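A look at the structure
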Amino acid sequence: EALLLSRLVRDLRTLAQAEVGRLDLSPSPTDLGEVIGSAAKAVEPEANRKRISLALDVPRGLPKAMVDAHRVSQVLGNLLVNALRYTSEGGEVRVSVAEDRGTAGGAGLIVSVADTGQGIEANDLPNVFDRNYQGSQPKEKRTGSGIGLAVARGLVEAHKGRIWVESKPGKGSTFFFTVPAATRA
């Protein structure tokens, strides 16, 4: 209960800072594999409780990302919490990272968080990153505060990246975001 409240307060503060353009980042060359591993470890107890397989696909030899590791961890945490929330017992959540040569300004990295959950209705997709949007599901089935994805969008955009989702009802969802790569020495 206290952990959830502390997370909500942190997310509200981050969202407010992002909305007024005052989000401070401290980017440095960062191993995304380490950030992904830490974020996955933080949600592992919930994955185990629901008997959801948590898989990580982090190839060797990727360039480091030029990001604020704490803020990217916050993005991953929000995406992982949602993936676990909407994935049924026995399902899978997979986090992957790869090089993205299509990123503006040169090479970047693309991270995805895929789940085998309930998926998102097509009419909800354009709004999932809006503050307080919880979709067209009945109120009694809604969970969470409705700000996690808005926070994720604000943090990714502050890194000059982009975030999007692909989903089919009954087939799960995959959330993607891009971040810049650090210049290789």
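The following refers to the structure shown. Bear in mind the structure is a predicted one, so any value in this text is a computation, not a measurement.

1. Concerning the sheet that holds strand β4 (residues 92–100)
Taken in spatial order, the five strands of this open sheet run β2-β4-β5-β7-β6, and their pairing is mixed. Only two strands of the sheet have a single neighbouring strand rather than two, namely β2 (53–57) and β6 (163–168). Ignoring strand direction, the axes of neighbouring strands in this sheet form an average angle of 15°. Alignment of β6 against strand β7 (residues 172–180), held across six bridges, turns out to be antiparallel. Looking at β7, one finds that Glu-166 is bridged to Thr-174. Of the strands in this sheet, β2, β4, β5 (108–115) and β7 are in contact with helix α3 (residues 69–85), which crosses β5 at around 20°.

2. Focus: the packing of helix α2 (residues 32–49) against α3
Between α2 and α3, the least distance of the axes is 9 Å, while the angle of their chain directions is 35°. Two packed elements cross with a definite hand, and for α2 against α3 that hand is right-handed. Taken together, the residues of α3 that come into contact with α2 (itself represented by Leu-32, Val-35, Ile-36, Ala-39, Ala-40, Val-43, Glu-46 and Ala-47) are Ala-69, Val-72, Ser-73, Leu-76, Leu-80, Val-81 and Leu-84.

3. Details of the pattern of salt bridges
As enumerated under the stated definition, the model contains four salt bridges in all. Across the pair Arg-49 and Glu-46 runs a salt bridge, and its minimum N-O distance is 2.8 Å. In this pair, Arg-49 and Glu-46 are both assigned in helix α2, three residues apart and thus about one turn of the helix distant. Using a relative accessible area of 57% as the deciding quantity, one classes Arg-49 as exposed. Here Glu-89 ties to Arg-51 by a salt bridge, and the two come within 2.9 Å at their closest N and O atoms. Taken as a pair, Glu-89 in the loop between α3 and β4 and Arg-51 in the loop between α2 and β2 lie far apart in primary sequence, 38 residues in all.

4. A closer look at the environment of Asp-115
Position of Asp-115 among the secondary structure elements: in strand β5. Sequence separation between Asp-115 and Phe-175 is 60 residues, and the spatial gap between their C-alpha atoms is 8.9 Å. When sequence neighbours within four positions are dropped, the list of residues in contact with Asp-115 reads Ala-83, Thr-87, Glu-92, Val-93, Lys-171, Gly-172 and Ser-173.

5. Some thoughts on the side chain of Ser-173
Assignment of secondary structure puts Ser-173 in strand β7. With a relative accessible area of 5%, Ser-173 lands in the buried category.

6. A word on helix α4 (residues 148–158)
Taking burial as the measure, the eleven residues of α4 include eight buried ones, the bulk of the element. Among all positions in α4, only Gly-148, Leu-149, Ala-150, Val-151, Ala-152, Gly-154, Leu-155 and Val-156 are buried. Phi for Lys-160, located one or two positions after α4, is positive at around 65°.

7. Comments concerning the nonpolar core
Counting residues in hydrophobic clusters, the biggest one holds 36 residues, and the most contacted among them are Leu-32, Leu-76, Val-111, Val-113 and Phe-177. Listed by contribution, the elements that provide at least two residues to this core are α2, β3 (65–67), α3, β4, β5, α4, β6 and β7. Looking at this core, the element that brings in the most residues is α3, giving seven residues. Among residues more than four places away in sequence, those in contact with Val-111 are Leu-32, Ile-36, Leu-76, Val-95, Ser-96, Val-97, Phe-175, Phe-176 and Phe-177.

8. Comments concerning the packing of aromatic side chains
The tally for this structure, following the rule as stated, stands at two aromatic pairs. Taken together, a centroid distance of 6.0 Å and an interplanar angle of 85° make the contact between Phe-129 and Phe-175 edge-to-face. Taken together, the residues Phe-129 in the loop between β5 and α4 and Phe-175 in strand β7 connect sequence positions 46 residues apart. Relative accessible area serves as the criterion here: at 9%, Phe-129 is assigned to the buried category. Taking the centre distance of 5.2 Å and the plane angle of 15° together, the rings of Trp-164 and Phe-176 count as stacked. Taken as a pair, Trp-164 in strand β6 and Phe-176 in strand β7 lie far apart in primary sequence, twelve residues in all. As far as the burial class goes, Trp-164 and Phe-176 line up, both buried. Sitting above the plane of the Trp-164 ring, Arg-162 keeps its charged end 3.8 Å from the centroid.

Scoring rules and cut-offs
Residues numbered from 1 in each chain as written. Predicted model: local features only at pLDDT ≥ 70, side-chain atom pairs only at ≥ 80, totals over all residues. Heavy atoms only, no water. Pairing = 2+ DSSP bridges. Helix = DSSP H or I, 4+ residues; strand = E, 2+ residues; numbered from the N terminus. Axes fitted to C-alpha atoms, helices over the stretch in contact; angles between N-to-C directions. Contact = heavy atoms within 4.5 Å. Left-handed = near helix turned anticlockwise from the far one by under 90°. Salt bridge = Lys/Arg side-chain N within 4 Å of Asp/Glu carboxyl O. Buried < 20%, exposed > 50% of the residue type's maximum accessible area, 1.4 Å probe, protein only. Core = buried A, V, L, I, M, F, W, Y, C linked by side-chain atoms within 4.5 Å. Phe/Tyr/Trp six-rings, centres within 6.5 Å; stacked < 30°, edge-to-face > 60°. Lys NZ or Arg CZ within 6 Å of the ring centre and 35° of its normal.

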